[in-house]
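In case you want the letters, here they are:
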Amino acid sequence: MLSEFLLSELSRLNPQDRLPLHRQLYEALRRAILENKLSPEERLPSSRDLVQDLGLSRNTVVAALNQLTVEGYLVSRVGSGTFVSAKVPQRQRRPLRQTSHPAQQLSHRGQALGKHFCASELEIQPFTPGIADFSAFPVALWQRLQNKHWRMTYPDMLDYSSSGGYAPLRRAVADYLHMFRSVALDLDQVIITSGTQESLELCAQLLADQGDTVWLEDPAYWGAGKAFMATGLKIHPVPVDEEGIAPQASDRHAPPRLIYVTPSHQYPTGAVMSLERRHQILSLAKQHQAWVLEDDYDSEFRFSGPPIASLAGLDTQGRVLYLGSFSKVLYPGLKLAYVVVPKGLAAAFKAAHYDLNRPGQMPVQAALAEFIDMGHFAACLRKARQSYAQRRHCLLEALQPCLGTHARITGAEQGLHLCVRLPDHLDDQALARQLGKLGLVVRPLSAYCLKRRDLRGLVIGYGYAPLAQIQRFGPVLAQVVQQALAHRVAA
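My aim in this report is to walk through the structure given alongside it, one point at a time.

### Digging into the overall build of the protein
For the protein, the count of helices and strands is 16 helices and 14 strands. In terms of overall dimensions, the protein has C-alpha extents of about 90 × 60 × 50 Å along its principal axes. Expressed as a percentage of the 491 residues in the protein, the buried residues total 49%. For the protein, long-range pairs separated by at least 24 residues make up 74% of all intrachain contacts whose partners lie at least 6 apart in sequence. Split by element, the accessible area of the protein, about 24,400 Å² in all, is 51% carbon and sulfur. Here the protein contributes 53 positively and 44 negatively charged side chains, and the mean placements of these two sets differ by 4 Å.

Okay, structure coming up:
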């Protein structure tokens, strides 16, 4: 009977799993033991009998039995045979029917974090915002650089990094920020992370305690909200206007420990923080002894007007932490970013980063440092900037028919997305769903709002959309928006 059960189990295994035969037999026997098809202290057939009944080689059967013996499922007794261990905990053959929804078993924080934000829309589609075009990335060159550093058998390159990252890469970041973003810094202030999300969580964990308040732009980048929620902070939404985050007197009643901003290109509205507002934020940070987290996520792509100085470049009090990423220029899966911290915090950040995250990927960091030093990063950036400028221009032209009294564009001067602002009473979420049925993934502006209910619009990305697709689908998008506006006016 055991042999028949095992044959049945082996035949039901998914062929695509491609497990070795001894592993397949191991899994089948283990399941038989746990589901009480083999009772404790029950004697198994001899390996010779199993070989004959199952049509397997002796090596296969012996390997499976040995593994189960090592793990404590079986006990071998000299001269008596192999038996099921009496100490194996049994489980019911069929799991009890679940009486509650899995989400109800999560903590309150877990339930909040488990709610997706446009999860089905994160797939790459022509107008998905926040996605860069990585199809032109020089993969062959990148592979050569990685292989080169993998061949170098330095033990420290395979270990965790306790120094904040690969020194030549941190130096390249410091040089870049000093030259192009007017940030005064030295090498020790740069810490390499595995992405902006990790940078945000690290800042929240080290600079704030559970229950402290973080001022968050409203509307906001959803990833920042989730990072702060996960670290137990209270989110206080502060509305955004045409000059960026706009704190009011009433916001002083919720004094911040952290202030998260995207001053160069507010996400998602695209507002650029004015110089006056920047000085106001720095003054508020000094007044409340708060820390400003400047997420400069797409400053590399500015298409009109002079470059905008970073908030960190204006900071004279050491209250600003500057966050950047390589994902928008190179490719998202690279998962390398950086945070620039004030000098007095550098040692603590490195130690905590090591203890909390066990950072590594040193060969990848070394390949990226060489990629930058050889000028390939600058070349990729120039090529991407030219390509995105063409796509942006094409999309702006395509959207012209739907613009006018009731619709306008904001945030098109920089970045990989723009925002079509719509009348307050138009249902932008229904409009986004309508476009989604046509295969055009855009995001409703109202979905980014935390507290306010007065914003409507469409956040449209052009970073990943090929020029031909913008030329083809841009007019379709404009027509649907135009029809929605006409319907509203008629109503």
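That shown, we press on.
### Remarks on the packing of aromatic side chains
Counted by the stated rule, this structure contains 16 aromatic pairs. Considering the side-chain rings of Phe 137 and Trp 142, the 5.9 Å spacing of their centres and the 65° angle between planes classify their relative orientation as edge-to-face. With a relative accessible area of 10%, Phe 137 lands in the buried category. Here Trp 142 falls in the buried class, since its relative accessible area comes to 3%.

### Quick word on the pairing of strand β12 (residues 417-422)
Among the six residues in β12, six count as buried, and that is most of the element. In β12, alternate side chains face the same way, and those of His 417, Cys 419 and Arg 421 on one face and Leu 418, Val 420 and Leu 422 on the other are all buried. Bridge analysis of strand β11 (residues 408-410) against β12 gives three bridges, and the strand direction is antiparallel. Residue pairing in the sheet places Arg 408 in a bridge with Arg 421 of β12. Once β11 ends, the chain turns through six residues before running back antiparallel as β12, passing Gly 411 with a positive phi of about 75°. Relative to strand β14 (residues 456-461), β12 runs antiparallel, the two being bridged by six bridges. Counterpart to Cys 419 in the pairing with β14 is Val 459.

### A word on helix α14 (residues 376-399)
The end-to-end C-alpha separation of α14 is 34 Å, in line with the 34 Å expected for 24 residues at 1.5 Å each. Within α14, the full set of buried residues consists of Phe 377, Cys 380, Leu 381, Ala 384, Tyr 388, Arg 391, Arg 392, Cys 394, Leu 395, Leu 396, Ala 398 and Leu 399.

### Describing helix α4 (residues 58-70)
With 13 residues, α4 should reach 18 Å at 1.5 Å per residue; the first-to-last C-alpha distance of 18 Å fits that figure. Looking at the buried side of α4, the elements it contacts are α2 (21-34), α3 (47-54) and β1 (74-77). Just past α4, the residue Gly 72 takes up positive phi, approximately 90°.

### Comments concerning the sheet that holds strand β5 (residues 234-241)
An order of β3-β10-β9-β8-β7-β4-β5-β6 is seen for the eight strands of this open sheet, with the pairing classed as mixed. For this open sheet the edge positions go to β3 (190-193) and β6 (244-245), each flanked by a neighbour on one side alone. Helix α7 (residues 167-180) rests against β3, β9 (320-325) and β10 (337-340) of the sheet, and its axis sits at about 115° to β3.

Cut-offs and rules
- Residues numbered from 1 in each chain as written.
- Predicted model: local features only at pLDDT ≥ 70, side-chain atom pairs only at ≥ 80, totals over all residues.
- Heavy atoms only, no water.
- Helix = DSSP H or I, 4+ residues; strand = E, 2+ residues; numbered from the N terminus.
- Buried < 20%, exposed > 50% of the residue type's maximum accessible area, 1.4 Å probe, protein only.
- Contact = heavy atoms within 4.5 Å.
- Areas by Shrake-Rupley, 256 points an atom, 1.4 Å probe, with all protein chains shown as cover.
- Lys, Arg positive; Asp, Glu negative; His and termini not counted.
- Charge placed at Lys NZ, Arg CZ, Asp CG, Glu CD.
- Phe/Tyr/Trp six-rings, centres within 6.5 Å; stacked < 30°, edge-to-face > 60°.
- Pairing = 2+ DSSP bridges.
- Expected span 1.5 Å × (residues − 1).
- Axes fitted to C-alpha atoms, helices over the stretch in contact; angles between N-to-C directions.

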